[in-house]
Amino acid sequence: MNLLSNRRRALAAAVLLCGLAGLPGLSRAAEPARTQLQAFVEKVKSATGQFSQERTDAQGAAQKPQSGAFAFQRPGKFRWEVRAPYEQLIVSDGQHVYQYDPDLEQVTERRANQAVGASPAALLFGSGSLDEAFDLQSRPDRDGLQWLRAVPKTPDAGFVHADIGFSGGLPRRLELLDAFGQVSRIVFTGLKANPDIPAGQFRFTVPQGADLVKMD
């Protein structure tokens, strides 16, 4: 697998996951994970925070962990910034999603509805019924968390399922199995719920010297 393909797959998973961070102010610990998710989607309109991500390939080999920061604003605007071990940036203005790889000097542009679609991000960014895009299944408690599995109803979602772990009404972790057999595990920290986020955080300008590839 070449570097570009590897990073695109990792980045796609990161973008789709960024909205499922645990946020304060949703005290629903005694309720099922599905109810907690619905409350999160309804009440949290924006957030900022940090993330750490670990990923294993289909053979179980671990890849270098990633870390960085993100912001989102419903509906459809987000910023996912990988800071280590290399730099990557994804920005959605609600209409298009831009993926920038500085070391490759390349920007990929996709329509937001194509990049998000029936994905874990749709659990956050979408305004419709969750049942329209996902089969939501309760999972056994583990690691002190209540778990929910979201299985996409469309075959082109790019992932098999996403497991979301809740505690105290907050989604704390997400584990995603993608179509390539890779498993991504993400932990969210330092979350701020419903902050005022400058509009510039969700705008993207192609850097000078970078190639733009449109995937529409």
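Cut-offs applied
Residues numbered from 1 in each chain as written. Predicted model: local features only at pLDDT ≥ 70, side-chain atom pairs only at ≥ 80, totals over all residues. Heavy atoms only, no water. Helix = DSSP H or I, 4+ residues; strand = E, 2+ residues; numbered from the N terminus. Buried < 20%, exposed > 50% of the residue type's maximum accessible area, 1.4 Å probe, protein only. Contact = heavy atoms within 4.5 Å. Areas by Shrake-Rupley, 256 points an atom, 1.4 Å probe, with all protein chains shown as cover. pLDDT = per-residue confidence, 0-100. Lys, Arg positive; Asp, Glu negative; His and termini not counted. Salt bridge = Lys/Arg side-chain N within 4 Å of Asp/Glu carboxyl O. Polar contact = N/O pair within 3.5 Å; in protein donor to acceptor, adjacent residues only side chain to side chain. Core = buried A, V, L, I, M, F, W, Y, C linked by side-chain atoms within 4.5 Å. Pairing = 2+ DSSP bridges.

Let's shift gears to the overall build of the protein. A count of helical and extended segments in the protein gives five helices and twelve strands. Within the span of the protein, comprising 216 residues, buried residues form 47% of the whole. Across the protein, every contact between residues at least 6 apart in sequence was considered, and the portion connecting residues at least 24 apart equals 54%. Taken as a whole, the protein presents about 10,200 Å² of accessible surface, with 47% of it coming from carbon and sulfur.

What follows deals with the confidence of the model for the protein. Low-pLDDT stretches of the model should not have their predicted coordinates read in fine detail. Across the protein, the average pLDDT comes to 79, with 78% of residues at 70 or higher. Counted against residues more than four places away or in other chains, residues 1-6, with its pLDDT under 50, gives nine contacts. This stretch, residues 16-29, has a pLDDT under 50; its non-local contacts, to residues over four places away or in other chains, come to 66 contacts.

Time to look at the side chain of D57. Here D57 shows up in the loop between β1 (46-56) and β2 (66-73). Buried within the structure, D57 lacks any salt-bridge partner; its nearest side chain of opposite charge belongs to R55, at an N-O separation of 7.8 Å. Here the side chain of D57 touches A61 through a polar contact of 2.9 Å, landing on its backbone nitrogen. If we skip the residues at most four places from it in the chain, D57 touches Q63, G181 and Q182.

With respect to the helices and strands, A179 occurs in the loop between β10 (170-178) and β11 (183-193). For the pair A179 and A157, spaced 22 residues apart in the sequence, the C-alpha separation amounts to 8.7 Å. Once residues lying within four places of it in the same chain are set aside, the contact partners of A179 are G158, F159 and V160.

Once that is clear, we can look at the nonpolar core. The biggest cluster of nonpolar side chains holds 29 residues, and the ones touching the most others in it are L37, F51, F70, F72, W80 and F188. Membership of the second largest hydrophobic core comes to seven residues, among which are L89, V91, Y98 and A210.

With that out of the way, let us pick up the environment of G158. Structurally, G158 can be placed in the loop between β8 (145-152) and β9 (159-167). Measuring from C-alpha to C-alpha, the distance between G158 and L177 comes to 9.4 Å, with 19 residues separating the pair along the chain.

What follows covers the pairing of strand β4 (residues 88-93). Of all the six residues making up β4, five are buried; the element is thus mostly covered by neighbouring parts of the structure. Here strand β3 (residues 77-84) folds back onto β4, and the loop between the two strands holds three residues. Note: β4 against strand β5 (residues 96-101), four bridges, orientation antiparallel. Along β5, the bridge assignment pairs V91 with Y98. Between β4 and the antiparallel strand that follows it, β5, lie two residues; G94 among them carries a positive phi value of about 95°.

Side chains that carry opposite charge are capable of pairing whenever their charged atoms lie near each other. By the definition in use, this model includes seven salt bridges. Between R173 and D143 there is a salt bridge, with its nearest N and O atoms 3.2 Å apart. Taken together, the positions of R173 in strand β10 and D143 in the loop between β7 (134-142) and β8 put the pair 30 residues apart, joining distant regions of the chain. Notably, a salt bridge pairs R173 with E175, separated by 2.9 Å at the nearest N-O pair. Judged by relative accessible area, which is 22%, R173 ranks as partly exposed. Taking relative accessible area as the criterion, E175 reaches 13% and is therefore assigned buried. Members of the salt-bridge network, linked through shared partners, are R142, D143, R173 and E175.

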